[in-house]
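Here is how the chains run, residue by residue.
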Amino acid sequence: MEPIVAGNWKMNKEPGESRALVQRLMELVGDYKDRLVILIPPFTSLPSIGELVRNSRMKLGGQNMHWERSGAYTGEISGFFLKAVGCEYVVIGHSERRHIMGETDDMINRKLRLALEIGLIPIFCIGETEKERESGKTETVIARQIKEGLKDIENEAHKIVFAYEPVWAIGTGKTATPRQAAEMHQYIRGMIKKPSTILYGGSVKPENIDSLMKQEEIQGVLVGGASLKPESFTRIIRFE
Ligand code: PEP
């Protein structure tokens, strides 16, 4: 399995800006091998970015989807719509959705189930808050998120990309040390038992990518802020 470098743009870049960013990124990155790059722009940019990446090695992902196929869910997005514009991946349970939008483990479980059913590869995010880490609850929280998230789909864990994203490291500039991240990855691997890809996310940047990727337990990264700048994302894609 190739290491994954995924860029989550969050609520940034309107369609024109998104296009310009990807065009510049493609120029800078040029040819690359031995890694899988996934672009995760806002929904409104998916169609045009989908066209741009169609003839490239880059893949496309959505930032979220609903747990139902269609229906009266104003403001929500169906996994089928993501597929229709070329997405192969979908982020599920991002900490901003859990903590700002109130997503529960049960909602996340339903989304994971539907994504698998319709053939989207979920990037399933898990991670503890600073308070949880400080009070020694990191493993309990991660165990609960995995157990509840994978309810009734434990045997399909190998079809899921896991992303360990300590909430205290997301968008804060604080990164887990490569050792801290590797330890948690080991713990997660022990829980899921199936061979799965586990990404690290939380203030990944050009300065720390090489040391993170040197850890055998880390199979890739989910990048927020640094994926918005073509130069820094290029350096991350070109990790050594
Ligand atoms: C993220 O959005 O998943 C993330 C890890 O953000 P950042 O890299 O900005 O911390």
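The structure under discussion appears in the preceding block.
Here goes a summary of the coordinates provided. Since the structure is predicted, the reported quantities are computational estimates derived from the model, not experimental observations. (Residues numbered from 1 in each chain as written. Predicted model: local features only at pLDDT ≥ 70, side-chain atom pairs only at ≥ 80, totals over all residues. Heavy atoms only, no water.)

1. Structural notes on the sheet that holds strand β1 (residues 4-8)
Move 1: The eight strands are arranged β1-β2-β3-β4-β5-β6-β7-β8 in a closed barrel whose pairing can be described as parallel. Within this sheet the neighbouring strands show an average axis-to-axis angle of 25°, counted without direction.
Move 2: Relative to strand β8 (residues 220-223), β1 runs parallel, the two being bridged by four bridges. Bridging from a neighbouring strand, Val 5 pairs with Val 221 of β8.
Move 3: In the packing of helix α7 (residues 138-149) onto the sheet, the strands contacted are β5 (121-126) and β6 (161-164), and the crossing angle to β5 comes to about 150°. (Pairing = 2+ DSSP bridges. Helix = DSSP H or I, 4+ residues; strand = E, 2+ residues; numbered from the N terminus. Axes fitted to C-alpha atoms, helices over the stretch in contact; angles between N-to-C directions. Contact = heavy atoms within 4.5 Å.)

2. Thoughts on unusual backbone geometry
Move 1: Unlike most non-glycine residues, Asp 152 shows phi in positive territory, near 70°.
Move 2: Along the chain, the position of Asp 152 falls in the loop between α7 and β6.
Move 3: On the accessibility criterion, Asp 152 (56% relative accessible area) is exposed.
Move 4: Not every positive phi belongs to a glycine, and Ser 203 is a case in point at roughly 55°.
Move 5: Following the sequence through the fold, Ser 203 ends up in the loop between β7 (197-201) and α9 (209-213). (Buried < 20%, exposed > 50% of the residue type's maximum accessible area, 1.4 Å probe, protein only.)

3. Examining the site of the ligand
Move 1: Of all residues adjacent to the ligand, which total 14 residues, the nearest are Lys 10, Glu 165, Gly 171, Ser 203 and Gly 224.
Move 2: Glu 165 has a polar side-chain atom sitting 2.7 Å from an oxygen atom of the ligand.
Move 3: Take Gly 225: an N or O atom from its main chain is 2.8 Å from an oxygen atom of the ligand.
Move 4: Considering the ligand on its own, with 300 Å² of exposed area, one finds that the protein chains cover 96% of that surface.
Move 5: Counting atoms within 2 Å of the grid points, the majority share of the ligand lands in the second largest pocket.
Move 6: For the shell around the ligand, the residue count by class is four nonpolar, eight polar and two charged. (Near = heavy atom within 4 Å. Polar contact = N/O pair within 3.5 Å; in protein donor to acceptor, adjacent residues only side chain to side chain. Areas by Shrake-Rupley, 256 points an atom, 1.4 Å probe, with all protein chains shown as cover. 1 Å grid on protein atoms, 1.4 Å probe; cavity = no way out; pocket = protein on both sides within 12 Å on 5 of 7 lines; lining within 4 Å. Sits in = over half its atoms within 2 Å of the grid points. Nonpolar A, V, L, I, M, F, W, Y, C, P; charged D, E, K, R; others polar.)

4. Observations regarding α7
Move 1: Under the 1.5 Å per step criterion, the end-to-end length of α7 is 16 Å for 12 residues, consistent within 8% with the ideal 16 Å.
Move 2: Check the buried side of α7 and you find it contacts α4 (95-99), α5 (105-118), β5, α6 (130-134), β6 and α8 (178-192). (Expected span 1.5 Å × (residues − 1).)

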